[in-house]
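This is what each chain is made of:
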Amino acid sequence: MAESYILGGDYVSAERYIENALYYAEKYNLEYRKAKNLYLRAIICNEKNELILAQQLFLSANVIFIKNNNHEQIIKTFLNLGKITLRLKAFHSATSYLRQAEKVYLDNNIGNDSLLGEIYYQMAESYFKIDNISKSIDYAFRAKQKFEQVQNRGEYAKSLLLLAQEYNKEGDLINAIKYSKKTLDVYNELEEERHTSSIE
């Protein structure tokens, strides 16, 4: 519920739900829920331009995400920390957070190319701010490639399927299944778009 209110811009209602969820997370020792609610409060603080508090909440949430190996949440948190520190003009810190996001992504085969594209885009911006133009250009190019892959959904699905097949050949069934599911999701989205356009 809180996420829906955040997306709708109703931060007061979102905070009310988060406070209630935090109470139960504490009471029943639900670590992931506590971390997720801290993360959501950080998003609200970020939207309200309370950057220091948002940064502290993201860091608190990330301690729990790291402890529980919630890799995608760790990446999203580092990405948000990188964005905040960019806004605070702490460019070297931003670069550090973004490199951590990239490392966790690459080390754990996350398979969310739009997330990696966003990391690369933010890294290009942070390197530009510290006058490292060659790295900025390199990361801007990487971001462009990732965003183009995601935009061309048919080719993207084929590349995901190819990855699934390669992992299957190597005997890595966990990643093979993960990429197969992502391929199926993309093909389902494409099919849904075709049906929608037919109806229109």
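Details of the structure are given in the entry above.
Residues numbered from 1 in each chain as written. Predicted model: local features only at pLDDT ≥ 70, side-chain atom pairs only at ≥ 80, totals over all residues. Heavy atoms only, no water.

Novice: Got a minute to help me understand the packing of aromatic side chains in this structure?
Specialist: For any pair of aromatic rings, the description rests on two quantities: the centre-to-centre distance and the angle between the ring planes. One pass over the full model with this rule turns up seven aromatic pairs. Where Tyr-120 meets Tyr-139, the ring centres are 5.5 Å apart and the plane angle is 50°; that geometry is what we call tilted. Pair noted here: Tyr-120 is in helix α7 (residues 113–129) and Tyr-139 is in helix α8 (residues 133–151), with a separation of 19 residues, a long-range link. A single burial state applies to Tyr-120 and to Tyr-139, both of which are buried. Aromatic pair Tyr-127 and Tyr-139: ring centres 5.7 Å apart, planes at 15°, arrangement stacked. Here Tyr-127, found in helix α7, pairs with Tyr-139, found in helix α8; they are twelve residues apart in sequence, far enough to count as distant. Pair check on accessibility: Tyr-127 and Tyr-139 agree, each one buried. An aromatic cluster of three or more residues is present, and its members are Tyr-32, Tyr-39, Phe-58 and Phe-65. Taking the ring centre of Tyr-120 as reference, the NZ or CZ of Arg-142 above it sits at 5.5 Å. Sitting over the ring of Tyr-139, Arg-142 keeps its end group 4.5 Å from the ring centre. (Phe/Tyr/Trp six-rings, centres within 6.5 Å; stacked < 30°, edge-to-face > 60°. Helix = DSSP H or I, 4+ residues; strand = E, 2+ residues; numbered from the N terminus. Buried < 20%, exposed > 50% of the residue type's maximum accessible area, 1.4 Å probe, protein only. Lys NZ or Arg CZ within 6 Å of the ring centre and 35° of its normal.)

Novice: Sorry if this is basic, but what is going on with helix α9 (residues 153–170) here?
Specialist: Three or four residues apart is the spacing at which side chains of an α-helix point the same way, because the helix has 3.6 residues per turn. Given a rise of 1.5 Å per residue, 18 residues ought to cover 26 Å, and the 26 Å separating the end C-alpha atoms of α9 matches this to within 8%. Among the residues of α9, Arg-153, Tyr-156, Ala-157, Leu-160, Ala-164 and Tyr-167 are the ones counted as buried. The buried residues of α9 occupy an angular sector of 100° when projected down its axis, which confines them to one face. Along α9, the residues that are exposed and aim more than 90 degrees away from the buried face are Lys-169 and Glu-170. Note on α9: the residue one or two positions beyond its end, Gly-171, has a positive phi of about 85°. (Expected span 1.5 Å × (residues − 1). Arc of directions from axis to C-beta.)

Novice: Please explain the pattern of salt bridges as it appears in this structure.
Specialist: If charged atoms from side chains of opposite charge come close, those side chains can pair. Evaluation of the coordinates by the stated rule reveals nine salt bridges. Residue Glu-102 pairs with Arg-142 through a salt bridge whose shortest N-O separation is 3.4 Å. You can see Glu-102 sitting in helix α6 (residues 91–107) and its partner Arg-142 sitting in helix α8, a full 40 residues away along the chain. One salt bridge connects Asp-138 with Arg-142, and the closest N-O pair in it is separated by 3.1 Å. With Asp-138 and Arg-142 both in helix α8 and four residues apart, this pair spans about one turn of that helix. Using a relative accessible area of 32% as the deciding quantity, one classes Asp-138 as partly exposed. What makes Arg-142 partly exposed here is its relative accessible area of 27%. (Salt bridge = Lys/Arg side-chain N within 4 Å of Asp/Glu carboxyl O.)

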